Number of protein chains: 2
Amino acid sequence: MAAIAAAVDRHFDALLPVPDDARADLYRCMRHAAIGGGKRLRPLLVAAAADLHGVDREASERVGTAIEAIHVYSLIHDDLPAMDDDDLRRGKPTAHKAYGEATAILAGDCLHALAFEWLADADVHPDPFVRAELVAALARASGPAGMAGGQAMDLAAAATPFDLTGITRLQQMKTGALIAVSVEAGAILGHVPPEGRTGLRGYAHDLGLAFQIADDLLDAEGDEDAAGKRLRKDADARKATFLSLLGPERARAQCRMLTEQAVEHLHAYGEEADLLRAIAAYVVERDR
Amino acid sequence: MAAIAAAVDRHFDALLPVPDDARADLYRCMRHAAIGGGKRLRPLLVAAAADLHGVDREASERVGTAIEAIHVYSLIHDDLPAMDDDDLRRGKPTAHKAYGEATAILAGDCLHALAFEWLADADVHPDPFVRAELVAALARASGPAGMAGGQAMDLAAAATPFDLTGITRLQQMKTGALIAVSVEAGAILGHVPPEGRTGLRGYAHDLGLAFQIADDLLDAEGDEDAAGKRLRKDADARKATFLSLLGPERARAQCRMLTEQAVEHLHAYGEEADLLRAIAAYVVERDR
């Protein structure tokens with residue numbers, strides 16, 4: 001994790017040089033939100049899934065950085081006063097607190113565009129079919145059928161009562177889609193055809209749900225200093241979550257069951273999938 | 001223009017069906033901003049440039065719709081209270097006035113992601129190299145080195161005094177980059193290699209600047225009902241613009257000179273470039 005986190009920071013640092021013009025604050029804001037901190041779970045998943053198929057680490061790090069750029073842009077926009085109105089993220093002031101709302105909105109938009117610019121770059125992969133497939137998969141996962149659509153549902157969740165099926169769908173879109181596309185990207189880079197991705201897709205699906213339940217538990221029981229952000233937001237907003245619907249005991253059991261199931265999906269792989277298995281174990285145990 | 005505008009509306013309508021779930025308002029907001037009204041200059045440029053090289057109209061319309069989606073997302077975000085704080089756009093309430101700020105931010109983000117999803121789709125072009133090149137070009141044109149970077153400079157323009165060189169660079173990024181990539185996309189679809197695009201690039205460069213000067217003149221002298229949006233914003237913000245730096249007479253002359261220059265760049269083409277020439281004439285004469 002530390003090696004991938006350092007690589008992602010290095011890539012962001014190289015890709016976001018502060019220009020000597022009126023856009024300096026825009027770039028500083030992107031760097032503030034993108035560099036340092038964060039679990040870098042998505043780049044780690046790209047690298048772990050790509051490793052299975054002998055993909056060059058430089059390539060999987062670049063793709064991981066592009067997916068992380070989408071994740072970071074979504075955090076910047078979700079933290080805005082009109083959305084979740086948060087002041088603290090990764091132990092630092094949120095982007096709009098540090099640079100103002102207008103710059104934060106634009107910094108999010110820029111990271112969004114840059115993610116696709118980086119993915120479409122020939123340095124990522126010499127085969128344009130791979131690049132086009134990566135772009136299509138990431139765009140689908142981050143748009144209205146994925147992450148942003150899930151966030152729209154989440155905004156409605158305070159007003160509309162969601163049941164367990166509804167919450168599952170919401171979370172599969174809001175956080176699950178980007179986790180799934182991270183694993184999928186490793187397979188795309190490894191030239192694995194769609195029919196060969198069933199195990200990896202099952203793993204990513206269950207991992208994504210386990211991750212979200214762990215997130216709900218952390219929100220309710222975690223330490224704000226360790227998390228580096230405001231917690232107890234779900235209870236304050238009286239939102240239906242896995243936790244509010246299942247209760248802490250069943251939620252914890254469900255999270256453990258899902259990670260076991262995630263690991264079972266990897267049965268066709270040997271020790272080359274141990275990193276993916278370790279990630280599943282981390283997801284239940286993490287404190288941030 | 002009417003045919004392309006109808007085609008763009010038809011594509012948006014087909015690509016943005018309102019789902020029967022908690023995302024209904026998100027989709028309604030995208031449709032509100034994307035469908036109906038607008039000059040559709042960018043899709044028109046894609047089609048006109050693609051026509052030169054015998055590209056199928058269905059393909060150029062799809063690419064034009066994707067570029068227009070980027071344009072529409074930028075209008076939604078630029079209109080937000082934290083940015084230009086506008087209530088009226090294309091004669092209708094702005095997206096955040098109609099659907100609230102949170103939904104408007106997400107609708108912009110969704111159109112942004114969808115633009116790349118549509119471009120990367122195999123239906124746009126069977127050659128993945130073409131699709132990857134379209135994505136890379138549009139991402140570059142809309143990110144910090146293009147449209148969004150220009151908008152960041154524009155926000156700084158009220159505080160920092162820009163000279164003519166500075167304003168030219170700002171406008172080449174803010175509006176010029178998306179106009180240029182529209183023409184470029186026609187060439188990419190037509191398999192024209194970069195060294196064969198010099199004339200088209202010269203045309204797009206001069207057209208983009210002429211378009212912006214015409215926009216400044218409309219802002220100062222135009223009719224708000226015809227424009228369908230608030231005008232006199234530049235003067236109110238005391239921003240340096242082409243108009244404030246050149247004065248109305250020289251600005252008008254410069255706009256005419258640039259469109260003539262734009263047309264001269266097309267000298268290698270015969271009557272197959274008449275639509276591009278007509279667009280240049282329209283840009284100086286338009287009233288909205």
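Here the structure is a predicted model, which is why all the values come from computation and not from measurement.

Colleague: Can you help me understand the relation of the copies chain B and chain A in this one?
Modeller: What relates the pair of chain copies is a rotation about an axis plus a shift along that axis. Of the two same-sequence chains, chain B is brought onto chain A (RMSD 0.0 Å, axial shift 0.0 Å) by a rotation of 180°. Considering both components of the superposition, the chain copies are consistent with a two-fold axis. The overlap is high: 100% of the interface residues of chain B also sit at the interface in chain A, so the same surface is used on both sides.

Colleague: It is not clear to me how the environment of F129 of chain B should be interpreted in this structure. Could you clarify?
Modeller: All names here are of chain B. Relative to the assigned elements, F129 resides in helix α7 (residues 128–142). F129 gets classed as partly exposed once you count the C-beta atoms within 10 Å, which come to 16. Linking F129 and H191, residues 62 residues apart in sequence, is a C-alpha distance of 9.9 Å.

Colleague: Can you walk me through the interface of chain B and chain A in this structure?
Modeller: Interface size is commonly expressed as the accessible surface area that is lost when the partners come together. Every contact between the two is made by 41 residues of chain B and, on the other side, 41 residues of chain A. Of all elements in the fold, only α2 (24–34), α6 (101–120), α7 and α8 (147–157) of chain B reach the threshold of two or more residues within the side of chain B that touches chain A. Among the elements that take part in the side of chain B that touches chain A, α6 of chain B stands out by supplying 13 residues, more than any other.

Colleague: Looking at this structure, I do not really get the nonpolar core. What am I missing?
Modeller: Buried together is how nonpolar side chains tend to be arranged in soluble globular proteins. V135 of chain A together with V135 of chain B are the most contacted members of the largest nonpolar core, which has 197 residues in total. In this view, V135 of chain A contacts F116, L119 and A120 of chain A together with F116, A120 and V135 of chain B; residues no more than four positions away in its chain are not counted.

Colleague: I would appreciate a short explanation of helix α8 (residues 147–157) of chain A in the present structure.
Modeller: Since there are 3.6 residues in each turn of an α-helix, residues three or four apart along the chain are aligned in direction. The element α8 of chain A is extensively covered by neighbouring structure, given that ten of its eleven residues are classed as buried. Looking only at α8 of chain A, the buried set comprises M147, A148, G149, G150, Q151, A152, M153, D154, L155 and A157 of chain A.

Colleague: Can you walk me through unusual backbone geometry in this structure?
Modeller: Most of the time, phi is negative for any residue but glycine, and the peptide bond is trans. In this model, R40 of chain A sits at a positive phi of 60°, which is unusual for a non-glycine residue. Assignment of secondary structure puts R40 of chain A in the loop between α2 (24–34) and α3 (41–51). Phi at H191 of chain B is positive, roughly 60°, even though this residue is not glycine. Here H191 of chain B lies in the loop between α9 (164–189) and α10 (198–221). H191 of chain B sits in the partly exposed class, given 14 other C-beta atoms within 10 Å.

Reading guide: rules and limits
- Residues numbered from 1 in each chain as written.
- Chains lettered and ligands numbered in written order.
- Predicted model: local features only at pLDDT ≥ 70, side-chain atom pairs only at ≥ 80, totals over all residues.
- Least-squares fit on C-alpha atoms with pLDDT ≥ 70 in both.
- Contact = placed C-beta atoms within 7 Å.
- Helix = DSSP H or I, 4+ residues; strand = E, 2+ residues; numbered from the N terminus.
- Buried ≥ 20, exposed ≤ 12 C-beta atoms within 10 Å, placed from the backbone.
- Core = buried A, V, L, I, M, F, W, Y, C linked by C-beta atoms within 7 Å.

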